Amino acid sequence: MHHPYGTITSPAPLLDVTLERTLHVWVQRFSQPQWRGRHLQGWLFEGAAARREAERQLAAVGVQAQLHSAYKPLVQHFIDQVDSTQLAAAHVHYPRAAAGEQRRFALEAYPLGSLLPEGGVQLSQRADDQPWYDVQLHLKDGRSLHQRVYAPNRRHTDAAGDAVLSPTGWLRVGTAPGLADLIDEAVTTDYEQAFALAMQAVRSQPWPQQEPYFERLDIRIDLPGYEQPLDWAGETVSTLEALHEELYFSLLEFFQQHSGRPTGDRRLQPGQIVPDVRGGADAVRVHVALRAFDAPAQDALAAPTEDNQPLHLLATAPSPERIVQTLHAWPAERFSAPTRQGRTVWGQYHAGSQHPVFISAGQHANETSGVVGALRAAQALQAQPGAHFALVALENPDGYALHRELCTHHRDHMHHAARYTALGDDVEYRDREPLLERLVRQEALARSGARLHVNLHGYPAHEWTRPLSGYVPRGFGQWMLPKGFFLILRHHVGWQQPARALLEAVCQRLADVPGLAEFNARQRALYELHAGPMPFEVLHGIACMQSETTHDAPVTLITEFPDETVHGAAFQFAHTVQRETALAAVHEWQRIMDAHQG
């Protein structure tokens, strides 16, 4: 069936298949009499409880089994095998990666650095590329223990044709402990099969040449999976979230290739790609289907919100209705544009005597702290005589609706599928009709005449991985670990001096925000232990990036708070930092522009 944008839907699913659970296959296979007395080690994408139960079942029939997690095996080893209360220090010697990012295995060890006080965990790279960690544990009673932790990987090429190493299943069976004289081979687990089948189902379709190719592409995968909270790190190891990210970005890369666009081109408009990965199933089911948009039905599925709180007390992202209600309560010139799914992007202009500034948020809709930060900044500016600004508090309502839908099942995940618009593109880079949401940013800049755009963003609040495509997210390696709140400065030719003055002044003012310096220092220390020295300038405790551009306003200050997806006090802190940054930028811009024009 063809739709106005040239997209297609299909009444039948592209794929609907149930897979055997690898864990069950192994238990059934090795419960046979010929395996009695053998010793088995296996790696697969299962949680500790399921692995322990399978070990008990095999022990009952005379097979000594040790089952490990193929995903983040070193972290899982510390969870399963190391009593951290007795640990004084740990020194991990990790291998050099034979392909891809050289520090891959140090990155995969994240967040072990936070297990002990600073300096208690050391990471050192070995010269060899053998797939194991050598771990030296120093206990509080003076003893030292040496352990070897295997990290099975397979070498393959990623979507761009580069060689990478990815975690994989593995099976070792021997006649004595530690031996693998009977079986020693890689195993394509159910987790890996589910991903491969979903990708193949999409690749095999006769997609049209004209974008977008569909309205909504749903990839629903039910599997056992696991989510392992790491209370000591404020992290959760989640095979469900990892597969969501893997599916979304792998499909985006496929459609970029199909379109002929270069990898990473944010103008690509494939349609909305929606992975929905859920755990707790006893078997693995993969269901891939195309369907038409249904905004009312989607909105009915949204995660509940606490919209009755004042803005500064909001502990989770507000509903779209609360955002519009807040905006329309203020006197302003209003303007709007429709979205692909029929929602509305609202903008407003507040005339005043000061130098104008444009404040926006929600360009990437899974970055929600900026939305509240923008509203709170505008609320403060309302009370300032002469304040002169334009505001777009939610630039991507369709993505925001998807984020709310996905949060009903996984409220803490980063949900990058909700990052872009329903057309599948990044609205900032949209350069052809229909412009839709893009029109509101253009109107805000035109009405206000703002030379400064304060664009509030976020990034993952916890580790971001692509475990089946080299582990490190392609093109986003610098974003895969939290490194505190930081700023990106972009400026046109001839605007470097006022832009730099703004950056330095804002960073200096933010040094006074309670708790921010400590928050940044803590995250930066953990980042550098695992990823190496941070390749950014640091001003007053805030990391900064600076570049020249031709986009939008002459000066753009982009905030980046690790907010995907936090709640409670962490969310309140995030939108407070966003508010303070926007207000600091507005305040300092007045002084800078007075000097610039003088």
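If you're wondering where the values come from, they're calculated on a predicted model, not measured in any experiment.

(A) Fine view of the overall build of the chain. Along the backbone of the chain there are 14 helices and 25 strands. In summary, the chain has a C-alpha radius of gyration of 26 Å against a globular reference of 25 Å for 598 residues, a match within 12%. When burial is assessed residue by residue, the chain has 59% of its 598 residues classed as buried. Taking all contacts inside the chain whose residues are at least 6 apart in sequence as the whole, residues at least 24 apart take part in 77%. For the chain, the exposed surface amounts to about 22,900 Å²; the carbon and sulfur share of it is 50%. Side chains of the chain carry 51 positive and 67 negative charges; the gap between the two charge centres is 1 Å.

(B) Structural context of the packing of helix 1 (residues 22-30) against helix 2 (residues 48-59). Two elements in contact, helix 1 and helix 2, have axes separated by 10 Å at closest approach and are oriented at 10°. Between helix 1 and helix 2, the angle is such that the two are roughly parallel. Every residue of helix 2 that contacts helix 1 at Leu23, Trp26, Val27 and Phe30 is listed here: Ala50, Ala54, Gln57 and Leu58. Split into classes, the residues belonging to the contact of helix 1 with helix 2 amount to 7 nonpolar, 1 polar and no charged.

(C) The sheet that holds strand 5 (residues 121-125), seen in detail. Strand order across the open sheet formed by 4 strands is 5-4-6-7, with mixed pairing between neighbours. A strand with exactly one partner marks an edge of an open sheet, and here the two such strands are strand 5 and strand 7 (144-150). Within this sheet the neighbouring strands show an average axis-to-axis angle of 20°, counted without direction. Bridging between strand 6 (residues 132-139) and strand 7 involves 7 bridges; their strand directions are antiparallel. For Leu137, the partnering residue across the bridge sits in strand 7 and is Leu145.

(D) View of the sheet that holds strand 10 (residues 169-174). Read across the sheet, 4 strands follow the order 3-2-10-11 without closing on themselves; strand pairing throughout is mixed. The open sheet has two edge strands, strand 3 (64-69) and strand 11 (183-187), and neither has a second partner. Looking at each pair of strands side by side, their axes are set apart by 10° on average, direction ignored. Along the sheet, helix 1 contacts strand 2 (39-44), strand 3, strand 10 and strand 11; its crossing angle with strand 2, the most-contacted strand, is approximately 170°.

(E) Highlighting the nonpolar core. With 92 residues, the main nonpolar core has Phe78, Leu217 and Phe255 as its most contacted residues. A per-element tally of this core places helix 6 (residues 239-259) first, with 10 residues. Leaving out residues up to four positions away in the same chain, Phe255 has contacts with Val202, Trp207, Tyr213, Phe214, Leu217, Leu268, Pro270 and Ile273.

(F) Molecular detail of the packing of aromatic side chains. All chains considered together, the criterion is met by 24 aromatic pairs. Ring centres of Trp479 and Phe486 lie 5.4 Å apart, and the angle between their planes is 40°; on these two criteria the pair is classed as tilted. Taking NZ or CZ as reference, Arg172 lies 5.5 Å from the ring centre of Tyr150, over its face. Stacked on the ring of Trp479, the Lys or Arg Lys483 has its end atom at 5.0 Å from the ring centre.

(G) Representation of the environment of Gln200 within the structure. Relative to the elements of secondary structure, Gln200 occurs in helix 5 (residues 190-203). Overall, the relative accessible area of 43% leaves Gln200 in the partly exposed class. It is 9.4 Å that separates the C-alpha atoms of Gln200 and Leu15, two residues lying 185 residues apart in sequence.

(H) Examining the environment of Pro514 more closely. One can find Pro514 in the loop between helix 12 (496-510) and helix 13 (516-531). On the basis of relative accessibility, which here comes to 68%, the residue Pro514 falls in the exposed class. Pro514 sits 48 residues away from Arg466 along the chain, and the two C-alpha atoms are 35 Å apart.

(I) How the structure looks around the pattern of salt bridges. Going through the model one piece at a time under the given rule, you end up with 47 salt bridges. Here Arg216 makes a salt bridge to Asp218, at a shortest N to O gap of 2.6 Å. Grouping residues by exposure puts Arg216 and Asp218 together as buried. Salt bridges linked by common partners bring Glu211, Arg261, Asp265, Arg267, Asp431 and Arg432 together as one network.

About the criteria used
- Residues numbered from 1 in each chain as written.
- Predicted model: local features only at pLDDT ≥ 70, side-chain atom pairs only at ≥ 80, totals over all residues.
- Heavy atoms only, no water.
- Helix = DSSP H or I, 4+ residues; strand = E, 2+ residues; numbered from the N terminus.
- Rg over C-alpha atoms; globule rule 2.2 N^0.38 Å.
- Buried < 20%, exposed > 50% of the residue type's maximum accessible area, 1.4 Å probe, protein only.
- Contact = heavy atoms within 4.5 Å.
- Areas by Shrake-Rupley, 256 points an atom, 1.4 Å probe, with all protein chains shown as cover.
- Lys, Arg positive; Asp, Glu negative; His and termini not counted.
- Charge placed at Lys NZ, Arg CZ, Asp CG, Glu CD.
- Axes fitted to C-alpha atoms, helices over the stretch in contact; angles between N-to-C directions.
- Parallel < 35°, antiparallel > 145°, perpendicular 65-115°, else oblique.
- Nonpolar A, V, L, I, M, F, W, Y, C, P; charged D, E, K, R; others polar.
- Pairing = 2+ DSSP bridges.
- Core = buried A, V, L, I, M, F, W, Y, C linked by side-chain atoms within 4.5 Å.
- Phe/Tyr/Trp six-rings, centres within 6.5 Å; stacked < 30°, edge-to-face > 60°.
- Lys NZ or Arg CZ within 6 Å of the ring centre and 35° of its normal.
- Salt bridge = Lys/Arg side-chain N within 4 Å of Asp/Glu carboxyl O.

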